[in-house]
Amino acid sequence: MRTSPAGNGHSFGNLVLAIALAVAGWNRFAAASRRHAETAVIRVMVPASERPFWRPIAERFARTHPGARVELVEGAESTDLREDLYTASLLARDPTFDLVYMDVTWTAKFAAAGWLRPLDRLFTAAECESLLPVALAAGRYSGRLYRIPVRTDVGVLYCRRDLLEAARLPAPQTMDQLFATAKRLQSPPSRWGFVWQGKQYEGLVCNYLELLSGCGGFWVDPETQEVGLDRPEARRALSFMVRCLAADGISPPGATTYQEEESRRLFQDGRAVFLRNWPYVWSLAQAGDSPVRDRIDVVPMVHEPGRRGWSTLGGWGLGLSSYSRHPGLAADLVRIVISLEGQRWLCARTGFAPARREAYRDPELLAANPFLVRIGALHQHALARPTIPRYDMASDILQRHLSAALTGGETVSGALAAAAQETRRVLGPRVPGR
Amino acid sequence: MRFTQSSRERLALLMPAALLLGVVVVIPIGRLVLLSFERTELNTGLGSRFAGLAMHARLWQDGRWWGSLGNTLVFTLGSVGIEMLLGVTFAVLLDQSFPGRRWARAIVLVPWALPTAVMALAWGWIFNDSFGVLNDLLTRAGLLHGPVAWLGRPGTAMAAMVVADVWKTTPFVALVVLAGLQGIPRSTLDAARIDGATPSQLLWRVVLPLIRPACLVALAFRVAQGFGAFDLPYVMTGGGPGGSTETVSLYAYRSFYRYLDFGYGAATAVEGAGMALLLFAAILWLSSRAREAV
Amino acid sequence: MRRGSQARRGVTGAAYACALTLMLAWSLAPVVWQGLTAIKPDAQITQVPTAYLPRPVVWTHVAELWARKPFGTYLVNSLWVSAWATLVCVALGAMAASALARMRGGSRSGVLLALLGVSLFPPILLLLPLYEGVRALGGMNHPLALIVPYAALHLPLAVWVLESGFRAIPREVDEAARLDGLGALARLWHVQVRLAGPSLATAAILVFIFCWNEFMLALTFMTRDSSKTVTAGIASVGGVSFYEIPWGQLSAAILIATLPLVALVLVFERRIVSGLTRGAIVE
C-alpha cells in the first residue's frame, strides 16, 4: 500500500547541498544591501507603474543639483498598501522617505499626526497660484499648506454618443433625465442604463458626494464640523441611487459590488449607456481594440433641476516629511514636478490630468491628450472631500450605511440618520459659529 | 522516571524556540496588550495616556465590534467546519496508493500555494454578476435565470467568502491530516485487518481515532487563521455590503492603520484573540464530550 | 461470496475514482481559469458570453511581465528567504517539539496552548513593531529582516505539527536509544526525525509555503527590486493607470509565482515523505 523504503542517502545529500547553496548565496545579498555612503538622496515612493514617468524628473533633478540624486522607490500599486507603508515609516520617525506621494484624502490625517512640514514658507505665492486652486485647497489643513498637488482626478459621466444620437436625445443634465434616457436606451441584461461604483469602499463615497452636492446637500463641513447627512437633500441623493438599483431601474443589481474596473469593463464592452468614472477610462475606451471607440462622450455629472453638476476631486500630491533630512532639496524636487516640463513628463503619456493651470493650455499636452480640454473645465466645480483628521473613520461610517441602504439592509432615512449620528460622535462637538 | 529527560535537557531544547518567539512575537504582542490600556490616537497627538479599561469599555459598547465578531464567528465556523470534513476526506483519498499519487498530492496543494490577496481578487471576478464565470456556468447548466450579484447581498457575500476560503485552505488541513495518517504504523492496520475489520470499520474505529491529534493541530490553526481572516474580506468585499463581512482583523487593522487609533485597535486585537481562544476551548470541550458520548 | 466482494471492490473503486476526480477538479478549476486568462487576448478576458478557451493563444502577458519586472530575481529571493526561514523554523521547532513530546499533562498542554495563543493575534498588527525593530537594526532590504520574523511567526505551527508526529513514536524506541547512550540532540536527529518523517515534511512544506506567500512584511521591508520577493513583486504589477487591473499580467504573475512552488513540492514529496519515513521504520 505504501511506497517502499528509499533509504536515507538522499536526505543527507540534500542537506549538504542546501548548506553549500546557502553559504554561496549569502554574499549576493550582502553586496545588495551595502550602503552607498555619499551624496544627499531624496527618496519618494511611487506606484510601480508610474515610475517610468518620474524618471525624467529625477534625471533633471540630478543635473540641476550636483551631489544629490533622487531615488524612486517602487511601491505597491494599491493605494491602501502604499498608505500603510508610508504610515509605518512615518510612525517610526524614519527619514527614509523625504517626500510623501499622497492621495488627496490623506492630507488632514498626516498633517494632524505631525508627519508633514507646513509648506507655506517653502513655496512662494506665485508658485502656489500656478496650480489649480481647488487642488491646492485640498492640501490645506487648519490654515496651512501641507500638500502640493501634482495631478488631479475628477469624476465624470461617460455616455454613448452613438446611442443618444440614434435616439435623437440630448445628453442628460438632471438626475431624472438620466433615469429616463437610460431607461429608454437600455435593454438589460445585455445593455444596462447606468453603471457606477457601489461597492463598500471609498469610491462609493465619491459617487454619492457628487449626487449629494447635485441635490444641494453636504457631508461634513470641515470648518464647523457640521454634518449634513440627515437632511432631505442627502435622502434625495441616496434615494436616486436606490431607485437606479430597483427592479425597474437602470443599474445592474451587481452595481453594489462594482469598483472602477468592473463598471469600466461593462461600459467598454458596450454593455452600458452611461458610466460614472474617472478620466482614466477615456484612453482605454478610445484604444484601438475598444468596441466603443469614437462612440463615447463625456459630460458633467447629473444634478437636480436648477442646480449644477459636481465632480468629486481626486488626485495625488507631494507632502514633505517632518523627518526628511533635506527639506530644501526635497522642495526643489517638488518644483520640478509642478513645472510645465515636469507636468508634461508625468501627464503626456499617462493621460493624467495635470495640477498646473497652464498645462491645460499647453499645445504639447493637448496634442498628446485632447481630452484634457474637457477635464480642465470640470475643475471649476470639483468637490473636495472634507479635510478632517478623522476622514477615514467618517468615510467608513458613510460607506457602511450607504452600502446597507443600497443592498436593502437599511432604509434610506434610517441609514442616513445612523450615519449622521455616528459621524457626529466621531467628530466631537460642533465648532460654534464661523 | 528513569526514562524521562532531565529537565535541564528539556529546557535546553525549548530555549532557542522560546528565545526567537519571545523576541520577535511575544514582545510585540505584549506591547499591544499594554497599548490596549492606553489612549493613543490622533486627538492625543499620537502620544499615549493611560486610560485603564476605557478602550475595552468602548469596545463593548461598539455595535461595529459586535457585528464584526459575529461575522468572524460565522465565517470561522462555516469555513473551518467544511474544511475539516473536506480536508480529512482529501487526506484519506490521497493516502491510498494509485498511479500518479505524487502528482495528485502536488495538485491538491496548488490552491494553498497561491497568494491569497491575488486569489481573492480572482474569486471576486469569478463571483462577478456580469462577467463572472460562475454565473455563466450556472446559467448554461440551466440552474440560474438571470445573473446573480453574489457579493451584493450579505448572505451570499459571506457564503462566497467561505467558498473561497474553503478552496484555499482545505489543502492545509489535508496535508496536516495526511501526515497523521502516514504516521500510523502499518502493523496496526494489518493487525486490525487480520482481526477481520471491514474497510469502514477500519476507517472509523482505527484510523480516525489515531489521527485525532493531527486533526486537532489542523483545527487549532484553522480556527486561529479563520479568526484572523484579513486578506479575503479586505480584497473580495471590503467588508461589505453594509459591513456584513467585516471581520475582527479587518476592523482592528482599520482602527490601527487607517484611523491611527492605536489603543482602540490594540484592544480590538486583544479581545479578538481572547474570543478566538474561547471559541477554540469551546470546540475542544464539545469534541471531548462528543467522544465520551460515543 | 468472493465474487460479491470483488464486485463491491469494483464499485468502491469507481466511487473512489469519482471522488478523486472531483477533488482534483475542485482544486484545479480556478487555477486553470487563471492560467487561461494569462494566455487570452485582452478583449476576451471579460467577454460576454464568457470565452472559455483563448483564441488565439497569446504569450504577450507573460513575456511583457518578464521583460518589465525582474521576476527571475524575485523568484531567487523568495526561494532563498523561504528556504532559510523554513530551515530555522523546523530546526528550532523540532527541538522544542522533542522536549514537549516527552512532557506530560498540564505543562505540555500549557506550552502548546500558549503557542496557539500567540498565533491568534492578527499578524497584520505585528507589522509595526517588527518594522521598528528592523529599522533600528538597519535591516531594511536584508534577507534576515524576513527570515527571522518568518521563522518566528510560523514556529507555533511547526511545533504543533512536529509534536503530534513525535508523540506517535512508541516510547520504547526512545528509551532504547537513551540506553544506548545517545544525548537529547542525537536522539532527536537519529530517532525522532527519522521516524516522524511525514510530520517533518509536512511542517517544512507548510512553513515554506507560508513564507513564500507572505506579503505584508515582504512589501514593507524589501523596497529594492534586487531584494524583493515574488509576492511583493506581484503587488507592484499594475496597469498604466492606478485604477486599471491588468488581468492578463496578474494571472501571468500568479503562474510564474506558483509553478516553481509546485515543482518544489513534487521534489519534496518524493525525497522526504517516502524516503525518510518508511525507510526508517523498516530499519
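Residues numbered from 1 in each chain as written. Chains lettered and ligands numbered in written order. Predicted model: local features only at pLDDT ≥ 70, side-chain atom pairs only at ≥ 80, totals over all residues. Heavy atoms only, no water.

Draft legend 1. Quick peek at the state of the cysteines. A complete count under the given rule lists 0 disulfides over all chains for this structure. For Cys-215 of chain A, which is in no disulfide, the shortest distance to another cysteine sulfur is to Cys-244 of chain A and amounts to 11 Å. (Disulfide = S-S within 2.5 Å.)

Draft legend 2. Expanded view of the UniProt feature "transmembrane region" (unreviewed entry) in chain B. Here the UniProt-annotated "transmembrane region" (unreviewed entry) positions come out as residues 12-34, 73-94, 106-126, 157-181, 202-224 and 262-286 of chain B. The span residues 157-181 of chain B is 100% helical and 0% strand by assignment, and the distance between its end C-alpha atoms comes to 35 Å. (UniProt positions renumbered as here; feature names shortened; annotations may be inferred. Helix = DSSP H or I, 4+ residues; strand = E, 2+ residues; numbered from the N terminus.)

Draft legend 3. Structural context of helix α4 (residues 71-102) of chain C. For α4 of chain C, spanning 32 residues, the distance from its first C-alpha to its last is 45 Å, which sits close to the expected 46 Å at 1.5 Å a residue. When you tally the buried positions in α4 of chain C, you get 23 out of 32 residues, the bulk of the element. (Expected span 1.5 Å × (residues − 1). Buried < 20%, exposed > 50% of the residue type's maximum accessible area, 1.4 Å probe, protein only.)

Draft legend 4. Representation of the UniProt feature "transmembrane region" (unreviewed entry) in chain C. Residue and element names in this part refer to chain C. Sites flagged by UniProt as "transmembrane region" (unreviewed entry) map to residues 12-33, 79-100, 112-131, 143-162, 200-222 and 247-268. Split by type, residues 200-222 is 87% helix and 0% strand. Its first and last C-alpha atoms lie 30 Å apart. The span residues 247-268 is 100% helical and 0% strand by assignment, and the distance between its end C-alpha atoms comes to 32 Å.

Draft legend 5. View of the interface of chain A and chain B. On the side of chain B, 42 residues touch chain A, which itself brings 35 residues to the contact. For the pair chain A and chain B, the interface holds 7 salt bridges. One can count 17 residue pairs in polar contact (both at pLDDT 80 or more) joining chain A with chain B. Across the side of chain A that touches chain B, the residue classes tally to 12 nonpolar, 8 polar and 15 charged. (Contact = heavy atoms within 4.5 Å. Salt bridge = Lys/Arg side-chain N within 4 Å of Asp/Glu carboxyl O. Polar contact = N/O pair within 3.5 Å; in protein donor to acceptor, adjacent residues only side chain to side chain. Nonpolar A, V, L, I, M, F, W, Y, C, P; charged D, E, K, R; others polar.)

Draft legend 6. Seen up close, the side chain of Gln-186 of chain A. Residues and elements named next belong to chain A. Counting through the fold element by element, Gln-186 comes out in the loop between α8 (175-185) and β8 (192-195). Taking the relative accessible area as the measure of exposure, Gln-186 reaches 12% and is therefore buried. Among the polar contacts listed, one links the side chain of Gln-186 to the backbone oxygen of Gly-249, at a separation of 3.0 Å. In contact with Gln-186, other than residues within four places in its own chain, are Arg-191, Trp-192, Gly-193, Gly-249, Ile-250 and Val-273.

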